Amino acid sequence: CLQRDEKNELSGGITRKPSVSAKSLADDIVGYFDEVFFMEMDKEGKRWFLTQPYKTQQGYSVYAKDRSGKLDTFEKPDFMSIYNKIVATKNNKEE
């Protein structure tokens, strides 16, 4: 979903959260999913383009997580590659 920037009045820092209607859902949504990635994009003219790889780990200002523990902090934005990385590692452990 789109992001919403929320300013911390004490520290002045900005936290990027999912833009959903309920504030409590924006705070809790990461807990509902095993994989949550943050993708930053910029607009150039009328086209949006990806500016960096997916962030898969929670940071000071970004909500993200990887419950599998198999992904790097930044991953190439290719869902098939990410899926294969998680599943291949899981299948190897089961054998």
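Residues numbered from 1 in each chain as written. Predicted model: local features only at pLDDT ≥ 70, side-chain atom pairs only at ≥ 80, totals over all residues. Heavy atoms only, no water.

Visitor: What exactly am I supposed to notice about the environment of Glu 40 here?
Guide: Inspection of the secondary structure puts Glu 40 in the loop between β3 (35-36) and β4 (41-44). Sequence separation between Glu 40 and Gln 3 is 37 residues; the distance between their C-alpha atoms is 9.4 Å. (Helix = DSSP H or I, 4+ residues; strand = E, 2+ residues; numbered from the N terminus.)

Visitor: I keep staring at the pattern of salt bridges and nothing clicks. Help me out?
Guide: A side chain of one charge can pair with a side chain of the opposite charge when the charged atoms of the two come close. Counted according to the given criterion, the structure contains four salt bridges. The salt bridge involving Asp 72 is made with Lys 85; its shortest N-O contact spans 3.2 Å. With a gap of 13 residues between them, Asp 72 in the loop between β7 (65-66) and β8 (74-75) and Lys 85 in helix α2 (residues 79-94) connect regions that are remote in the sequence. Residue Asp 72 is classed as partly exposed on the basis of its relative accessible area of 47%. Across the salt bridge formed by Asp 78 and Lys 76, the nearest N and O atoms sit 3.8 Å from each other. We classify Asp 78 as partly exposed; its relative accessible area is 29%. Residues joined in a network through salt bridges with shared partners are Asp 72, Glu 75 and Lys 85. (Salt bridge = Lys/Arg side-chain N within 4 Å of Asp/Glu carboxyl O. Buried < 20%, exposed > 50% of the residue type's maximum accessible area, 1.4 Å probe, protein only.)

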